[in-house]
Amino acid sequence: MMHKERVDLNLETLKKCAPEQLQTQPVAAVLLALGSNYQAEKHLLRVRESLATIGEIELSIAFQNPDFTATPELPKPAYTNQCVYLILTAPLTLQQLQQRFKKFERDCHRQRLTELQTPVKQVTMDIDILLIRLANNINSLSNKDESEWIVMADRYPFKAHERAGLKELIVTKKIDC
């Protein structure tokens, strides 16, 4: 069971870094955004099971959202989105995590080449890292993790459904920060 405490995570004041700057850093926890517009229930379940093999997860509710790139001339299927708080069983570098998440997407038959060739994308699974907490800031006297969350600059500002999912995880689930 996760340790839970009341926190106020102000996204605007958190440090923002490009993922390229953090590739070799050991990561202890991540906040993720999952999305699917094709057989979402099936693919979300599969990826949640995969995520649970590398750590402990807390989930926001799943939101259904229209594709913001849709137009009356080119309607597109709605997305189901969900945020996940993942505490890793053992630290992995950001690069290792990104590789695992790409594998999880491929396991859901994500096909990026097809997306480039057609105007209406079938996205079986998209996993985006929104925030990370590095694993290297343990206070040896108290054995307490004193690391702070870092926002992935390439994902910020967050979309409305990402903000809602994060808020639910931060306030309702009371994640540890």
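Above this note sits the structure.
All figures in this text were calculated on a predicted structure; none of them were measured in a lab.

Chemist: How would you explain the layout of surface pockets if you had to name every residue and give the values?
Modeler: Where empty space is left can be seen by rolling a probe of water-molecule size over the atoms. Computed from the structure, the largest pocket encloses a volume of approximately 480 Å³. Along the walls of the largest pocket sit 22 residues, with Asp67, Phe68, Tyr79, Asp126 and Lys159 positioned nearest its centre. Among the elements of the structure, β2 (26-36), β5 (79-93), β6 (126-134) and α4 (160-172) are those that each provide at least two residues to the lining of the largest pocket. With 3 residues, the top contributor of residues to the lining of the largest pocket is β2. Class assignment of the residues belonging to the lining of the largest pocket gives a composition of 7 nonpolar, 5 polar and 10 charged. For the second largest pocket, the calculated volume is near 160 Å³. Around the second largest pocket sit Pro19, Gln98, Phe101, Lys102, Ile127, Asp128, Ile129, Met152, Asp154 and Arg155, which together line it. Looking at the lining of the second largest pocket, the elements that each hand over two or more residues are α2 (94-107) and β6.

The rules we used
Residues numbered from 1 in each chain as written. Predicted model: local features only at pLDDT ≥ 70, side-chain atom pairs only at ≥ 80, totals over all residues. Heavy atoms only, no water. 1 Å grid on protein atoms, 1.4 Å probe; cavity = no way out; pocket = protein on both sides within 12 Å on 5 of 7 lines; lining within 4 Å. Points joined across faces, edges and corners; volume = space filled by probe spheres on them. Helix = DSSP H or I, 4+ residues; strand = E, 2+ residues; numbered from the N terminus. Nonpolar A, V, L, I, M, F, W, Y, C, P; charged D, E, K, R; others polar.

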